[in-house]
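Here is how the chains run, residue by residue.
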Amino acid sequence: AVVSTQSTGGGGLVTYVNQNFCDVTCIQNLKELSDHSSPTSGEFLTLEIHRERAKNIIISNYYRSPNSDSTAFLNKLESTLSNLHRHMNKVIIMAGDSNINLLDYGKATQCTGFVDKLTEFGFAPLISRPTRITDHSATLIDHIFTNSCHAVTKSGIISDFDLSDHLATFASLLIDQGKIECMLGTNSGLARPINDETTITFVEEVKKVDWTFLFHIENADDKFNAFNDKYTEIYMSCFPYKTPKRKGFRDMKPWMLDWLRCACTRKNLLYRTFVKHPSLANKIKYSRMRRFVTKHILLAKSRYYKQYFDRHNSDSKKQWQMINQLLKKKYEFNIQKVKAWAACHKLESIWLLWKRYS
């Protein structure tokens, strides 16, 4: 699938998505995050790849011409990052040619501002070597940033690339961790008991080994393999895989709907804007959003618990589990509450009882 922008005199952006990865119907052009109206201040093209039972992927491509206004580009970048913030629970990749040399960080104002804006919103660079090399300079102006560094398996540049005066950059991300573990036959439910006691045991076992046997091995590779085998043997014996005791997973805020989470994110963004640029207008915007969020959180909580008690109207055990959970007394029962429970026969009475103790 190909989605491109229109530009005048140069530039222009295009993003390719392999058809084996997803169907073209799964690709959405995020127009609110794409801007090529003014190429002199930079161009942005942002796509979202929708995936079933997995995190969506957002790819944002950008370009700034060498002679364009860097300040205008940074302002447009900040606006794009602010709008991207509500998508931070997804895998986001930002890549492009900004003609800003990252090797000048701390020296050039535009470079420092560029990197600081991206890191402020949770993005980290994946390319650290020069991408354009000439007889008199070596600059890092082609970048890849992501908010999912834990998923990156490999990144770098392709030096054997003669289609352009820029070297090609690449990054590989592991986006289906569960499927990979299943293919490899690994069990993500196992964990090693690494604590103070097992660590002390490990250190003592390492000290007991007579490592002088390594001096009798001449080949360096064989010597390392022998050391690694012995070290791994001790490690595996001191930190064996065990199945951890899992407590039942419980969503701490099950009443938080997706749109309400987005509203909380917008409220936090407005608060940050107010702190960075204190003004009466920004304060009013933040106060209105805060009142809106507070009101609807209370309504959502009330609706959720009302539906819970309606759903378990005939199950006293479920009702008491919820009541004790809300009272933060998981295993303790108050005799007065038990007597009050015995006197209650209607859901309305139970609801009033819960409200009294909540």
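Our structure is the block above this text.
Scoring rules and cut-offs
- Residues numbered from 1 in each chain as written.
- Predicted model: local features only at pLDDT ≥ 70, side-chain atom pairs only at ≥ 80, totals over all residues.
- Heavy atoms only, no water.
- Helix = DSSP H or I, 4+ residues; strand = E, 2+ residues; numbered from the N terminus.
- Buried < 20%, exposed > 50% of the residue type's maximum accessible area, 1.4 Å probe, protein only.
- Contact = heavy atoms within 4.5 Å.
- Areas by Shrake-Rupley, 256 points an atom, 1.4 Å probe, with all protein chains shown as cover.
- 1 Å grid on protein atoms, 1.4 Å probe; cavity = no way out; pocket = protein on both sides within 12 Å on 5 of 7 lines; lining within 4 Å.
- Points joined across faces, edges and corners; volume = space filled by probe spheres on them.
- Nonpolar A, V, L, I, M, F, W, Y, C, P; charged D, E, K, R; others polar.
- Salt bridge = Lys/Arg side-chain N within 4 Å of Asp/Glu carboxyl O.
- Pairing = 2+ DSSP bridges.
- Right-handed = clockwise from strand over helix to strand, strands pointing away.
- Expected span 1.5 Å × (residues − 1).
- Arc of directions from axis to C-beta.
- Polar contact = N/O pair within 3.5 Å; in protein donor to acceptor, adjacent residues only side chain to side chain.
- Disulfide = S-S within 2.5 Å.

A. Fine view of the overall build of the protein. Helices and strands together make up the secondary structure of the protein, namely 10 helices and 12 strands. Burial statistics for the protein: of 358 residues in total, 32% are counted as buried. Expressed as a percentage of contacts within the protein between residues at least 6 apart in sequence, the contacts between residues at least 24 apart total 60%. Working note: accessible area of the protein is about 23,600 Å², and carbon and sulfur atoms make up 53% of it.

B. The layout of surface pockets, seen in detail. Estimated volume of the largest pocket: approximately 910 Å³. Along the wall of the largest pocket there are 35 residues; nearest its centre are Ile59, Ile93, Ala95, Ile144 and Thr169. Counting residues per element, the ones that place at least two in the lining of the largest pocket are strand 2 (14-16), strand 5 (57-63), strand 6 (91-97), strand 10 (142-146) and strand 12 (168-173). Here the lining of the largest pocket gets six residues from one element, more than from any other, and that element is strand 5. Of the residues assigned to the lining of the largest pocket, the class counts are 21 nonpolar, 11 polar and three charged.

C. Structural detail: the pattern of salt bridges. All chains considered together, the criterion is met by 10 salt bridges. As a salt-bridge pair, Glu32 and Arg86 come within 3.6 Å of each other at their nearest N and O atoms. One end of the pair, Glu32, is in the loop between strand 3 (27-29) and strand 4 (43-49); the other, Arg86, is in the loop between helix 1 (70-84) and strand 6, and 54 residues separate them in sequence. Look at Glu32 and you get partly exposed, because its relative accessible area is 47%. The shortest N-O distance in the salt bridge between Glu78 and Lys276 comes to 3.5 Å. Highlighted residues: Glu78 in helix 1 and Lys276 in helix 6 (residues 258-276), separated in sequence by 198 residues. Residue classification places Glu78 among the partly exposed positions, given a relative accessible area of 23%. Sharing partners across several salt bridges, the network here consists of Glu78, Lys117, Glu120 and Lys276.

D. Inspection of unusual backbone geometry at higher detail. Unlike most non-glycine residues, Asn99 shows phi in positive territory, near 55°. Topologically, Asn99 is positioned in the loop between strand 6 and helix 2 (109-120).

E. Structural context of the pairing of strand 6. Most of strand 6 is tucked away, with six of its seven residues classed as buried. In this sheet, strand 6 lies alongside strand 5 in parallel orientation, the contact comprising seven bridges. From the neighbouring strand, Ile59 faces strand 6, where its bridge partner is Ile93. Each parallel crossover has a hand, and for strand 5 linked through helix 1 to strand 6 it is right-handed. The sheet contact formed by strand 6 and strand 10 spans five bridges and is antiparallel. Each bridged residue has a counterpart across the sheet, and for Ile93 the counterpart in strand 10 is Thr146.

F. Structural detail: helix 5 (residues 220-238). Helix length check: helix 5, at 19 residues, gives a terminal C-alpha distance of 27 Å against a target of 27 Å (1.5 Å per residue), a fit within 8%. Of all the positions in helix 5, only Ala226, Ile234 and Cys238 are classed as buried. Looking straight down helix 5, one finds its buried side chains confined to an arc of 100°; they lie on one side. Exposed and oriented more than 90 degrees from the buried face of helix 5 are Asp221, Phe224 and Asp229. Its side-chain oxygen 2.9 Å from the backbone nitrogen of Asp221, Asn219 forms the N-cap of helix 5.

G. Molecular detail of the state of the cysteines. Considering all chains together, one arrives at zero disulfides under this definition. Unpaired in terms of disulfides, Cys264 finds its nearest cysteine sulfur in Cys262, a separation of 9.2 Å.

H. Layout of the pairing of strand 4. Where burial is concerned, most of strand 4 is hidden: seven out of the seven residues are buried. Burial along strand 4 is two-sided: Glu43, Leu45, Leu47 and Ile49 and Phe44, Thr46 and Glu48, pointing in opposite directions, are all buried. Strand direction decides the pairing type here: strand 3 and strand 4, joined by three bridges, are antiparallel. Looking across to strand 4, one finds that Ile27 is bridged to Ile49. Across seven bridges, the pairing between strand 4 and strand 5 is antiparallel. By the bridge assignment, Phe44 is partnered in strand 5 with Tyr62.

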